[in-house]
Amino acid sequence: MRKYLTATFLLFSLVIHLVLMRPASADEAKTLNVLVMSDTAYSDKDVSSMTASFNTAHPDINVKVDFVPYAGLRDRILLSQGSDGAYDVVLIDVIWLAEFVKRDLIVDVTDRVDPSLRAQVFDGAWKTADLNGRLYGFPWLVDAKFLYYNKKMLSDAGFSAPPKTWDEMNNQAQVLKDKGIVKFPIVWNWGQNEEIVCDFAYLLAARGGQFFASDGTPAFQSEGAKVLDYMRGQIRSGIANPSSREYNAEDGRRAFLSGEAAFSFNWQYVYALSKNPAESKVVGQVGVAPVPAGPGAPEGTSVNGSMALSITKTSKHPEEAWTYVTFMTSKDLQDKYAKAVLPVWTASYSDPTVVAGQEELAAAAEPNFKNMILRPVIANYVQMSSALQEGIQAVLYDKAEPEAVLADIASSVGNQ
Amino acid sequence: MRGGSAFAVRRGSAEGFAFLSPVVIVLVVTVGGPLLFTLAMSFTSATFLGTLADLRVVGLRNYVTVLTSSSFQHAFFVTIEFALFTVTAEMLLGLGTGLLLAEEFPGRTALRVLLIVPWAIPTVVNAITWRLIYAPDFGALNALLQQAGVITDYRSWLGDPSLALYAIGVADIWKNFPIVGLIVLAALQTAPRDLYDAAHVDGAGIFRRFSTITLPHIAGPLMVALILRTIDTIKVFDIVWVMTRGGPFSSTKPMSMLVYERTFSNLESGIGSAIAFIITLVCLIFIIAYTRLLKRQSRGA
């Protein structure tokens, strides 16, 4: 019997040994783990081929890239903290900067950035890396919401240009609906996700509203209620697709590119897809413009959706990580992939070879990227956003009144 | 087994324990440890990225916070509603399918194999598939119902707060009723044929045969299926996460999604652990109630 016990014990030890003792790889010292997102910007394929060219230029650094959808990006960054093989370089959204700095997750790189570069990149793009004058990364994506419109539907309805103001958009949409050109002229991404807060943010800015007053008290209740009333009005009157309330960015994009809407608000990645027959039934009909303006405003104000590459505090190879960040954000590389995502470098927009074939997007992007507002820069933004998502949806489903919802959110968020 | 099989341990129980020890150790390490750790954490102010120095014991405060919050109360009722709907349907459908497939008819083997297919599909794939079926603008369900003349206009299934939870429920039922059917089918294989013949001779009708022979025979396995399905639906997460992420306006947000949000979005591990432990307790209550029911039933028989 002792023999069996010994055998069992040995077998058990062997299993534990095999599980715990992974062979140490010799080149582990030079491996960089990178986390980026798989949707709504560069494709996996683009990032992989960028990284491949980095690996060719730097054979001593081995880069491994992980992709997650945007919706899981923040949680993955937080969860990987302190785990074995944590990420060295992560992609951060403008709305997480304050939180990540407060939690001491990302490295201050102010001294690594050549000050002369500051002026060459969009100011708005820096907002995703710059907190109170210190830099915590380098902008990789500059983005804002654009107005996408269907030129054919608009001209069928007798309009020669896209709407310049929000009121004008409502009027055009009503005509499109009345003439039976499209059943629901506007499609939004108003599911319970970050998109709905983005749309709320620039609609609020269009009315001259803001989230917090200069003394840090919540200030969005009164103008915000009018915004919610405007949003709800579009659903009620049927100029906006009621299914908007369950759409994320990709759902809204698909509906618009299958020709089910005349107006859609989305990020710049939709422009490239609109020309791809595999993704779009409306190839050649899609126009893009800056978001419409509010009452009395000369130009529209979009929402800042820029993202930066940052080095994590847990990285064992910050030097190599910075080499990678510098490479990925370089003007040359970004210009090369400008067909997928427009560069963060302002000079690229006047370079005809870079904007070739997407002059319309570049023309809309320049004013749009200059007039971007930020969602609240607060450490507990994620909690505030989730309260806003739920509250705005409750209004859109007629389950709550705008004033009550916003008063609740204001008191739960408190002074900042 | 009491008669003494080849493997029975006769020379005292020490060796028996020795043989069991690997299992016991694995269970203690992989189940007991994390469970106790979660319980301990639920009494503290732990945060996901916090340090030990910041850790304070807060007693029952996390539980009070959770139980008095409207988001938890809402999620609790959402979960129970979801569990009642899906488990009831899965048990009834599973029972019916199991009984049908126990009968002899041509093509029975093929059908039995087909039955496993939905259950073998990964939950996330199932959720994505159903999300496409329900899609408001191009979904197959709308097309089917419109062509059949049931509805005149395409409608939203997952976007309607009064329907969304049940729409997810249907996807869950489709995936999980086969396992109940298979358990019933397996149990029926051992039902003695001669008892049915005798009942037939005695003139018992089909309902009487079902309630006096079939049901007592499959009650045990059926109870196992009931417990498994109940536990699974009370801790439901993935199918909802993929199909609606808890929307519209949190009308489909179950308790486990709150655990995720509190722990990983808000980084409040203490609160998250408290909700996780409450979910465990809810499961436990159902299990105890079911086993009581089973005992009473077997005593009655």
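Check the entry above for the structure.
Computed from a predicted structure; not experimentally measured.

Peer 1: Provide a residue-level description of the overall build of chain B, including the pertinent values.
Peer 2: In terms of regular secondary structure, chain B is built from 12 helices and 0 strands. Reading the helices (α) and strands (β) of chain B from amino to carboxyl end gives α-α-α-α-α-α-α-α-α-α-α-α. In terms of overall dimensions, chain B has a C-alpha envelope of 75 × 75 × 30 Å along the principal axes. Expressed as a percentage of the 301 residues in chain B, the buried residues total 40%. Counting only contacts in chain B whose residues sit at least 6 apart along the sequence, the fraction spanning at least 24 positions is 67%. If you sum the accessible surface of chain B, you get close to 16,700 Å²; carbon and sulfur atoms cover 69% of it. Computing the positive centroid from 22 side-chain charges and the negative centroid from 17, chain B places the two 9 Å apart.

Peer 1: Mind laying out the pattern of salt bridges, listing which residues take part and the relevant values?
Peer 2: Residues and elements named next belong to chain A. Across all of its chains, the model carries 34 salt bridges over all chains by this definition. A salt bridge links R74 to E99, with the shortest nitrogen-to-oxygen separation between them at 2.8 Å. Linking R74 in helix α3 (residues 70-79) with E99 in helix α4 (residues 97-102), this pair joins segments that are 25 residues apart in sequence. Between D335 and K331 there is a salt bridge, with its nearest N and O atoms 2.8 Å apart. Of the two residues, D335 and K331 both sit in helix α13 (residues 331-336), 4 residues apart, roughly one turn of that helix. D335 sits in the buried class, given a relative accessible area of 16%. Residue classification places K331 among the partly exposed residues on the basis of a relative accessible area of 26%.

Peer 1: Report on the interface of chain A and chain B, specifying residues and quantitative values.
Peer 2: Facing 31 residues of chain A, the contacting portion of chain B comprises 31 residues. Counting the surface lost from both chain A and chain B, the interface buries some 2,500 Å², and carbon and sulfur atoms represent 59% of this. One can count 2 salt bridges joining chain A with chain B. For the salt bridge of D251 of chain A with R131 of chain B, the shortest nitrogen-to-oxygen distance reads 2.9 Å. Here chain A is connected to chain B by 12 residue pairs in polar contact (both at pLDDT 80 or more). At the level of elements, α1 (2-20), α3, α10 (249-257) and α16 (381-396) of chain A are the ones that each hand at least two residues to the side of chain A that touches chain B. Partitioned by chemical class, the residues of the side of chain A that touches chain B number 13 nonpolar, 8 polar and 10 charged.

Peer 1: Please provide a residue-by-residue account of the packing of aromatic side chains, values included.
Peer 2: Overall, the coordinates contain 36 aromatic pairs over all chains when judged by the stated rule. Relative to F76 of chain B, the ring of F72 of chain B lies with its centre 6.3 Å away and its plane at 35°, an arrangement referred to as tilted. Residue F72 of chain B and its partner F76 of chain B are both found in helix α3 (residues 70-102); the two are separated by 4 residues, about one turn of the helix. For F72 of chain B, a relative accessible area of 4% gives the class buried. In this structure F76 of chain B comes out as partly exposed when scored by relative accessible area, which is 24%. A connected cluster of aromatic rings, assembled from ring pairs, spans F122, F146, Y148, F256, Y349 and F369 of chain A. Taking NZ or CZ as reference, R118 of chain A lies 4.9 Å from the ring centre of W126 of chain A, over its face. The residue whose ring lies beneath R245 of chain B is W241 of chain B, and the NZ or CZ to ring-centre distance is 3.9 Å.

Peer 1: Tell me what's going on with the sheet that holds strand β6 (residues 138-141) of chain A, and back it up with residues and numbers.
Peer 2: All names here are of chain A. Taken in spatial order, the 5 strands line up as β2-β1-β3-β12-β6 in an open sheet, and their pairing is mixed. Edge positions in the open sheet fall to β2 (62-68) and β6, since each of these has one partner strand only. Direction aside, the axes of adjacent strands within the sheet are offset by 30° on average. Two strands pair when backbone bridges link them, and strand β3 (residues 89-93) and strand β12 (residues 307-311) are joined in this way by 5 bridges, in the antiparallel orientation. Pairing of V89 across the sheet is with I311, part of β12. Sitting on the sheet, α3 touches β1 (31-37), β2, β3 and β12, and the angle it makes with β1 is about 140°.

Peer 1: A description of a nonpolar patch on the surface should follow, citing residues and the corresponding values.
Peer 2: On the surface, a nonpolar cluster with roughly 580 Å² of combined accessible area is contributed by F17, L20, V24, I25, V28 and V29 of chain B. Mapped onto the elements, V28 of chain B comes out in helix α1 (residues 14-41).

Peer 1: So, helix α2 (residues 44-57) of chain A: which residues are in play, and what are the values?
Peer 2: An α-helical turn contains 3.6 residues, so any two residues separated by three or four positions project in the same direction. All names here are of chain A. For α2, which comprises 14 residues, the first-to-last C-alpha distance of 20 Å matches the rise-based estimate of 20 Å (1.5 Å per residue) to within 8%. Of all the residues in α2, the buried ones are D46, V47, M50, T51 and F54. Projected onto a plane normal to the axis of α2, the buried residues spread over an arc of 125° and lie on a single side. The exposed set on the far side of α2, more than 90 degrees from its buried face, consists of K45 and T56. Buried-residue contacts for α2 involve β1, β2, β6, α12 (318-329) and α13.

Peer 1: Tell me what's going on with the side chain of R253 of chain A, and back it up with residues and numbers.
Peer 2: Residue position: R253 of chain A is located in helix α10. Once you skip the residues sitting within four places of it in the chain, R253 of chain A turns out to touch N266, Y269, V270, L273 and E279 of chain A.

Peer 1: If you had to explain the sheet that holds strand β7 (residues 146-150) of chain A to someone new, which residues and values would you point to?
Peer 2: Whenever strands of a sheet pair, they do so through backbone hydrogen bonds, lying parallel or antiparallel. All names here are of chain A. Reading across the sheet, the 4 strands line up as β8-β9-β7-β10 and stay open at both edges, with mixed pairing between neighbours. Whereas interior strands pair on both sides, the edge strands pair on one side only; in this sheet they are β8 (186-187) and β10 (286-289). As defined by bridge partners, β7 adjoins strand β9 (residues 263-266) across 4 bridges and the pair is classed as antiparallel. Residue pairing for β9: L147 is matched across the bridge by F265. Most of the contacts of α10 go to β9, to which it runs at about 150°, and overall it touches β7, β8, β9 and β10.

Peer 1: Please give an account of the packing of helix α8 (residues 194-206) of chain A against helix α9 (residues 221-237) of chain A that cites residues and values.
Peer 2: Residue and element names in this part refer to chain A. One can describe the packing of α8 onto α9 by two numbers: an axis separation of 9 Å at closest approach and a directional angle of 120°. Handedness of the crossing formed by α8 with α9: right-handed. For the pair formed by α8 and α9, the contact residues are I196, F200, L203 and L204 on the first element and E223, G224, V227, L228, Y230 and M231 on the second. Partitioned by chemical class, the residues of the contact of α8 with α9 number 8 nonpolar, 1 polar and 1 charged.

Peer 1: Explain the pairing of β2 of chain A to me, and be specific about the residues and the numbers.
Peer 2: Residue and element names in this part refer to chain A. Pairing between β1 and β2: 7 bridges, direction parallel. Pairing of N33 across the sheet is with K64, part of β2. Traced from β1 through α2 to β2, the parallel crossover comes out right-handed.

Calculation criteria
Residues numbered from 1 in each chain as written. Chains lettered and ligands numbered in written order. Predicted model: local features only at pLDDT ≥ 70, side-chain atom pairs only at ≥ 80, totals over all residues. Heavy atoms only, no water. Helix = DSSP H or I, 4+ residues; strand = E, 2+ residues; numbered from the N terminus. Buried < 20%, exposed > 50% of the residue type's maximum accessible area, 1.4 Å probe, protein only. Contact = heavy atoms within 4.5 Å. Areas by Shrake-Rupley, 256 points an atom, 1.4 Å probe, with all protein chains shown as cover. Lys, Arg positive; Asp, Glu negative; His and termini not counted. Charge placed at Lys NZ, Arg CZ, Asp CG, Glu CD. Salt bridge = Lys/Arg side-chain N within 4 Å of Asp/Glu carboxyl O. Buried area = accessible area lost by both parts, 1.4 Å probe. Polar contact = N/O pair within 3.5 Å; in protein donor to acceptor, adjacent residues only side chain to side chain. Nonpolar A, V, L, I, M, F, W, Y, C, P; charged D, E, K, R; others polar. Phe/Tyr/Trp six-rings, centres within 6.5 Å; stacked < 30°, edge-to-face > 60°. Lys NZ or Arg CZ within 6 Å of the ring centre and 35° of its normal. Pairing = 2+ DSSP bridges. Axes fitted to C-alpha atoms, helices over the stretch in contact; angles between N-to-C directions. Patch = residues over 30% accessible without salt bridge, like charges linked within 9 Å, V, L, I, M, F, W, Y side chains within 5 Å. Expected span 1.5 Å × (residues − 1). Arc of directions from axis to C-beta. Left-handed = near helix turned anticlockwise from the far one by under 90°. Right-handed = clockwise from strand over helix to strand, strands pointing away.

None of the figures reported here should be taken as evidence of function without further support.
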